[in-house]
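Architecture and fold: a report
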Amino acid sequence: MRRICLVTVLVALGSPLAAQRAENDSSLLSVDRIFASPEFRGGTFGPLAWLNDGVGYTTLERPANGKPGRDIVRYDAESGFRTTLVAASHLIPPGDSTPLDIEDYSWSPDGRKVLVFTNSQQVWRTNTRGDYWVLDLSGWTLKKLGGNGPASTLMFAKFSPDGGRVGWVRYGENNLYVEDLASGKITQLTSDGSHTTINGTFDWVYEEELGLQDGWRWNPDGKSIAYWQLDASGVRDFLLYNVTDSLYAFTTPVQYPKAGQTNSASRVGVVSAAGGETRWMKVPGDPRNNYIARMEWAHAGKGSTSKELILQHLNRLQDTLQVMLADAQTGQVQTLFTERDSAWVEQFDELRFVNGGKDLLWLSERDGWSHIYLVPRAGGTPHVLTSGEFDVLDVLRVDTLSTSLYYIASPDNPTQRYLYRVNYAKPELAPQRVSPASEPGTHSYNISASGRFAVHTYSRFGVPPVVTVVSLPDHRVLRTLVDNAALKGKVGGLHLGASEFRQVDIGSGIKLNGWFIKPPNFDSTSHYPVLFFVYGGPGSQTVTDAWGGQNYLWYQMLAQRGYIVASVDNRGTGARGRAWRKIIYRQMGVIETRDQAAAARAVGRLPFVDSTRIGIWGWSYGGFMSLNVITQAPDVYRMAIAVAPVTHWKYYDTIYTERYNGLPQDNAAGYDKGSPLTYAKNLKGRLLIVHGSGDDNVHFQNTEAMVNALVAANRPFSLMVYPNRTHSISGGSTRQHLYTLLTRFVEENLPANTSGGRAAMP
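Our subject in this report is the structure included herewith.

Its twelve residues place the ends of helix α12 (residues 701–712) 16 Å apart at the C-alpha level, agreeing with the 16 Å of an ideal helix rising 1.5 Å per residue. Three or more residues of α12 are buried, namely N702, T703, A705, M706, V707, A709 and L710. Where α12 is buried, its residues meet α9 (621–632), β42 (686–692) and β43 (718–722).

So, on to the pairing of β43. Burial within β43 is extensive, with four of its five residues counted as buried. Bridge count for β42 against β43 is five bridges, and the pairing is parallel. Across the sheet, the residue bridging to L688 is S718, located in β43. A crossover connection joins β42 to the parallel β43 through α12; in handedness this β-α-β unit is right-handed.

Once that is clear, we can look at the layout of surface pockets. Roughly 1000 Å³ of volume is contained in the second largest pocket. Elements with a minimum of two residues in the lining of the second largest pocket: α4 (204–210), β23 (333–340), β25 (359–364), β28 (392–399), α7 (578–582) and α10 (654–661). When residues of the lining of the second largest pocket are assigned to their parent elements, the largest contribution, four residues, is made by β28. Considering only residue class, the lining of the second largest pocket consists of 14 nonpolar, nine polar and 16 charged.

Tallied over the entire structure, the rule returns 40 aromatic pairs. Ring plane angle 85° and centroid distance 5.6 Å describe the contact between Y652 and Y656, whose orientation is recorded as edge-to-face. Here the two residues Y652 and Y656 agree in accessibility, since each one is buried. The structure contains a cluster of three or more aromatic residues connected by ring pairs, namely F35, F461, F501, W515, F533, W547, Y552, W554, Y555, W617, W619 and Y739. Just above the ring of W216 sits the side chain of K158; from NZ or CZ to the centre is 3.5 Å. Over the face of the ring belonging to Y373 we find R366, whose NZ or CZ atom lies 5.3 Å from the ring centre.

Spatial strand order, β24-β25-β26-β27: four strands in an open sheet with antiparallel pairing. With partners counted over all chains shown, the strands left at the sheet margins are β24 (353–354) and β27 (383–384), one partner each. Relative to β27, strand β26 (residues 371–376) is paired through two bridges, and the arrangement is antiparallel. Paired with L374 across the bridge in β27 is H383.

Definitions and limits used
- Residues numbered from 1 in each chain as written.
- Predicted model: local features only at pLDDT ≥ 70, side-chain atom pairs only at ≥ 80, totals over all residues.
- Heavy atoms only, no water.
- Helix = DSSP H or I, 4+ residues; strand = E, 2+ residues; numbered from the N terminus.
- Expected span 1.5 Å × (residues − 1).
- Buried < 20%, exposed > 50% of the residue type's maximum accessible area, 1.4 Å probe, protein only.
- Contact = heavy atoms within 4.5 Å.
- Pairing = 2+ DSSP bridges.
- Right-handed = clockwise from strand over helix to strand, strands pointing away.
- 1 Å grid on protein atoms, 1.4 Å probe; cavity = no way out; pocket = protein on both sides within 12 Å on 5 of 7 lines; lining within 4 Å.
- Points joined across faces, edges and corners; volume = space filled by probe spheres on them.
- Nonpolar A, V, L, I, M, F, W, Y, C, P; charged D, E, K, R; others polar.
- Phe/Tyr/Trp six-rings, centres within 6.5 Å; stacked < 30°, edge-to-face > 60°.
- Lys NZ or Arg CZ within 6 Å of the ring centre and 35° of its normal.

Pasting the structure below:
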């Protein structure tokens, strides 16, 4: 209790000397400058939406007359010619004087109507329910959808292919509807929706781990709709306990299947857009122990029409994925091909028919690296479109006119990202790099429907991003949307430490990628403390050559105060091939912990590092890692900070945990071996655990279990709980408070002395 109170008091006091120095010297950073002021905010542009013509895009801008609201404006990608398509004044509801606050918008296929999303509220982890309005540009009529239903209850509204109707899901009742825009008639397509029968959307775990929120699709002919239905009747609710938002405590239930527990049952059906009975696809297997991870209408190319659905069917262990074709009229299903792995496989978002329907595009690790393949629909040997000892990291666009496929990869340096192009109709042609060789770093793209243009974002480690419009495939810059000149000037005026990327050799031929930030005026004859930042989770990377934002600035602030700050990517992380990624299978927390500790030992042997002053911090999986390393390598780390940590994988959800660790019923030893609860008795260094009590992702239950283990072992530690904060621990001044807390804990328990001498272990 004393240690906990002490931490809280110190947060209130802050770091007065350092803060005062920062106030008096604009070249020095402080927590307040980084997290409590707009000083280092970058420029923004958008939201941007490419139009169906593939040559123009729209965005939101404040009216030139200074009146409230935002106009929807169109830019020609080539010329930059600007046209106001919808003035904010046209978005004022009848009887109101203020335009709608546009949170998102979409165009009808013919471009004559716009669908506006506003007044949103949170469902699970994001704001996916709200109000939808349709503006008809031909007569500037503005209409709210949903009839007289409650406010903020429509989800995933979409125009029909002919633009005359809009379909949507009603939140709470979980039913699908179609509304005719001309007559206002609303047709209810499902009537069995409830808290546990979920039509057209998903439960918590499908959203979080499979990336599924919008659970329904218009048929390209507009005559029918395909949708997911989940039966969550067997899924237990996890209760989030709230004691601060009312006089009496209350609970909020969240459908959350923990590892090894009961999942929702899923199935896919097709219903007429005019109403009627649903025809269910006859997918084999227990729907509660398999996942339909993706579903789309298969309508591209000869031989695959809008009468078929293409499904990605994943077993519960996620080591077998079947690509299936379902007949929407009969419900009959056939398996086109099966992807298997001794560890896990994952769904592919750009799965589609190409080459006249003869081939399917697919992403596979079958040769040890993630590559793009053409899989013959009629069977036979898949043909690889990309090859080499590198991973294809993302597929961005399939351009059927030029038969080009754009993808992200970095064959020579896994810390960077570049755009490549391959012709899937001529697989004998070698892929071409599109991102310019003169710009090493991280490139990302939002490519138009035509594939002729893209919004390009480019940054480097410590260098804020620049956003431009470019033509493809020549990558000619057409205009700059965000240059971040002001932010670059601010960063350039700081007294910054030098940063470098290097590999850390931990023996046995294993070299981990890492970045390092050294103190300004670095002296190689001194001995510095090192603070590591860790995440380390499956397929992730912290060591990327990209800007870094507020955390980068915080690390530079610590460097200004005499710290070396570093991060290394252990085995199990991304962009280095299947064997590197999947070595952690069924033993999450084991290999990663050994690698991080070995890297810390290796860095501790550098002549300018004080090996008695090494610390680590991380969030979520990184919090899990911080707890593991300080309890499994207690002689290496002097201090650790674990924010929102998992402490045993039995407490986490089914899809994520079982993908990497198997079922707890079959792998109890693996679950325990990777859990910091097992090693709590070994704690020697200073430990701070931080958690939000309202975390619906990594439940506060995890931290309470760790507290119990440490108490049972009689080990001292510090704890900070943020009431009702979610996994992000944010809102208001929360981030400022949090990083003040973290800074103080680092400074007090991993002291940086300017004399360059070594400090004794506490």
